[in-house]
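# Commentary on secondary and tertiary structure
Now for the letters of each chain:
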Amino acid sequence: MDLNIKVNDKNHLDIGGADAVDIAEEFGTPTYVIDENRIRENYNKFYSTFSKYYPDFKVFYACKANTNLAVMKILESEGCCIDAVSPGEVYTSRMLGFSGDRILFTGNNITNEELKFVHDQGAVLNIDSVSALKRLAKMVDPEGLKISFRVNPMVGAGHHDHCITGGVMSKFGIMDNEAVEVYTMAKDLGFNPIGMHSHIGSGILDPEPFKLAIESTMDIAGKVHQEAGIDFEFVDFGGGVGVPYTPEEKLLDLDKFAEVNVGLFKEKLEEFDMGNPTMYLEPGRYLVADASVLLVTVNSVKQSYRKFIGVDAGFHTLLRPAMYDSYHHIVDASKMDAPMTQEVDIAGNVCESGDLFARDRPMPDVEEGDVLGILNAGAYGFTMSSNYNSRPLAAEVLVTDGKCEVVRERQTFEDLYAQQRVPPHLE
Ligand code: LLP
C-alpha cells in the first residue's frame, strides 16, 4: 500500500514522530496535523527527479492546495516558487518573502483592480483572455513587461468533472487556434510575452494525458515561436499529478514520468528550434496531500437502519468527500492494530444528509472517544473549509521532528461574527 501511514509502539497513528492521540488530547479536535519533513521530502523528490533530466526546471507550488503560512514558508525555504490564482495568494506569498519573480499569477475572470494589484506586487502575469490583456494594457505601461498566456491544450483529465480544465467545455485559457494572433497582439501592444502555460486538470494518476498535453502545448508554443517570433523563456505545464488516496492506488513512478515527459519536451524544443526555455510545473496536491492528517473524535456510535460513526467534524472541515465523492482513507488512530470487524458509515456533524466522510467503510470496533485520522487531508482540505452551520474553523498543528506547534488557532464563536454589523435600527 502506497499510503503514508506510520504506527508507533503504542499502536497509535504516528504523524511526523508525534502520537496522534496525544496531539488530539493536547490540542483538541478537529485538527489538521501537518508533517513538516514530509513536505520537504515531497518537494525535494519532485524537484530532483525532474531537474535530473532537465536542469532548467522550476517548481511553482499551487498554493491553493494549502495556504497555511508555515506550509508556504517551508516551501519558500526550499527555494520553491508560487503558482497564485488570486490577489490574496499573491499578497500572502509576498508577505512571506517570495519575490515577485518567484510568483506566477494565473487568475481567471480578474477585475482591473486585481490585475493592477498583482502587477504592482511584481508577480508575473499569466493571462487567461484577450479581455484581460487589453484591460491590462490600459492600466500599466506595457513596454517590455514580461507576461505569459494560459492556453487550452484541448486535453483534459482529472479525478472528477469539476477538476478537468482543458478541452471545449473549459472556461480556462485562450484557444489553441488563436494563440499566434494573441501573442502577436501582445507584442504589438508593447508587452514582452515570454511564457506559455497550460494546466489540464487535477488528481491525475494516469501518465497518458500528461504526455498528450505536453505535445499539444509544445505544438502551440512551437507555432507561436515560428509564426509570431516569440522566444520563450519558460513553458509551464501546470499541475495535476495525483497521489494515491485508496489503499489500492499506486504512487506514480515519478522517475519514469519525468523521463518520458522531459523527453517529449526536448524533442519538441528541437523540432521547433526553440532553444532551452525553463520548464515549469505547478504541483499542489503532490507536495502537500499526504503530509497532513485531519484528526477527529468519535462522539457517537449509532445503530439506525445503517451503522453510523459520528465525528466532531463535517464537510465544513473537509469538503472533498461531499463535493467530489472523494475517498479519504480513515484509520482509528487509537488502535491501529485492531482487526476490521464491520462496515460503517462515518458521518459528520453538519445538518445535511450528504455530510459523510465514508460509506460502507471497513473499520474496527470503533468506540466513542476514539480518535480517527482522515488521511491525505493536506491538499484542498483546510483551504476549502467554511463556517457553514456556524462551526468555527479547525486548528492546525505543525509537527517537526516529533515536536508540535499550533500554526493556526482554532476559531472561537466570537470569530464567527467578528466582521458582521447589526445596523442601529435593529439594535
Ligand atoms: N495549476 C493550476 C493553474 C491549477 O488550477 C491547479 C489546480 C494546479 C496548478 C494544481 O493542481 P494539483 O497539482 O494540486 O492537482 N479542489 C480540488 C482540486 C482543484 C484543483 C484546482 N486547480 C480537489 O480537492 O481535488
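Everything below is about the structure shown above.
Residues numbered from 1 in each chain as written. Predicted model: local features only at pLDDT ≥ 70, side-chain atom pairs only at ≥ 80, totals over all residues. Heavy atoms only, no water.

## A few points about the layout of surface pockets
Stated formally: Here a cavity means grid points, on a 1 Å grid over the protein atoms only, where a 1.4 Å probe fits yet cannot get out; a pocket means an open set of points with protein on both sides within 12 Å along at least five of seven lines; lining residues are those with an atom within 4 Å of a point. Grid points are joined across faces, edges and corners, and a volume is the space filled by probe spheres set on the points. Throughout, the ten residues Ala, Val, Leu, Ile, Met, Phe, Trp, Tyr, Cys and Pro are labelled nonpolar, Asp, Glu, Lys and Arg are labelled charged, and all others, Gly among them, are labelled polar. Where each domain starts and ends follows an automatic or database-derived domain assignment.
Roughly 660 Å³ of volume is contained in the largest pocket. Lining the largest pocket are 29 residues, and of these Lys64, Thr165, Phe172, His199 and Tyr380 sit closest to its centre. Here the residues of the lining of the largest pocket are counted per class, giving 10 nonpolar, 13 polar and six charged. In this structure, the lining of the largest pocket is formed jointly by two domains, domain 1 (6-35 + 289-416) and domain 2 (36-285), each of which donates at least three residues.

## Remarks on the packing of aromatic side chains
Quick note on the threshold: Only Phe, Tyr and Trp rings take part, Trp by its six-membered ring, and two of them pair if their centres are within 6.5 Å. Stacked means planes under 30 degrees apart, edge-to-face means over 60, and tilted covers everything else. A simple rule labels every residue: compare its accessible area, found with a 1.4 Å probe on the protein chains alone, to the largest value its type can have, and call it buried under 20%, exposed over 50%, or partly exposed in between. Only runs of H or I of at least four residues qualify as helices and only runs of E of at least two qualify as strands under DSSP, and these elements are numbered from the N terminus.
In total, this model carries 16 aromatic pairs according to the counting rule given. Here Phe50 and Phe57 contribute two aromatic rings whose centre-to-centre distance is 5.1 Å and whose plane-to-plane angle is 20°, an arrangement assigned as stacked. A residue is classified by how much of its surface remains accessible, and Phe57, at 3% relative accessible area, is buried. Ring geometry for Tyr183 against Phe232: centres 5.7 Å apart, planes inclined by 80°, an arrangement best described as edge-to-face. Within this pair, whereas Tyr183 is found in helix α7 (residues 179-188), its partner Phe232 is found in the loop between α8 (208-228) and β11 (234-236), the two being separated by 49 residues in sequence. Residue Tyr183 is classed as buried on the basis of its relative accessible area, which comes to 0%. Here Phe232 falls in the buried class, since its relative accessible area comes to 7%.

## Describing a negative patch on the surface
Put simply, the test is: Surface patches are defined over residues having more than 30% relative accessible area and no salt bridge, joining like charges when they lie within 9 Å and nonpolar side chains (Val, Leu, Ile, Met, Phe, Trp, Tyr) when within 5 Å. Here, Shrake-Rupley sampling with a 1.4 Å probe gives the accessible areas, and only protein chains in the shown set may cover a residue. Here, a salt bridge means any Lys or Arg side-chain nitrogen found within 4 Å of an Asp or Glu carboxyl oxygen. His is not counted, nor are the chain ends; Lys and Arg add positive charge and Asp and Glu add negative charge. Every charge is mapped onto a representative atom, which is NZ of Lys, CZ of Arg, CG of Asp or CD of Glu.
A cluster of acidic side chains, namely Glu215, Glu267, Glu270 and Asp273, defines a negative patch on the protein surface. By the secondary structure assignment, Glu215 is in helix α8. On the basis of relative accessible area, Glu215 is assigned to the partly exposed category, the value being 30%.

## Quick look at the sheet that holds strand β1 (residues 6-7)
Heads up, the rule is: Note: two strands are recorded as paired if DSSP finds a minimum of 2 bridges between them.
Pairing within the open sheet is antiparallel, and its three strands lie in the order β1-β2-β3. Single-partner strands in this sheet number two, and they are β1 and β3 (18-19).

## A closer look at the sheet that holds strand β6 (residues 81-84)
The cut-off we apply is this: Convention adopted: a line fitted to C-alpha atoms gives each axis, helices being fitted over their contacting stretch, and angles between N-to-C directions are expressed from 0 to 180 degrees. A contact between two residues is defined here by any heavy atoms of the two lying within 4.5 Å.
One closed barrel holds the eight strands; their spatial order is β5-β6-β7-β8-β9-β10-β11-β12, and the pairing between them is parallel. Ignoring strand direction, the axes of neighbouring strands in this sheet form an average angle of 30°. Relative to strand β7 (residues 103-105), β6 runs parallel, the two sharing three bridges. Residue pairing in the sheet places Ile82 in a bridge with Ile103 of β7. The strands touched by α8 within the sheet are β10 (192-197), β11 and β12 (278-281), with β10 carrying the most contacts at an inclination of about 165°.

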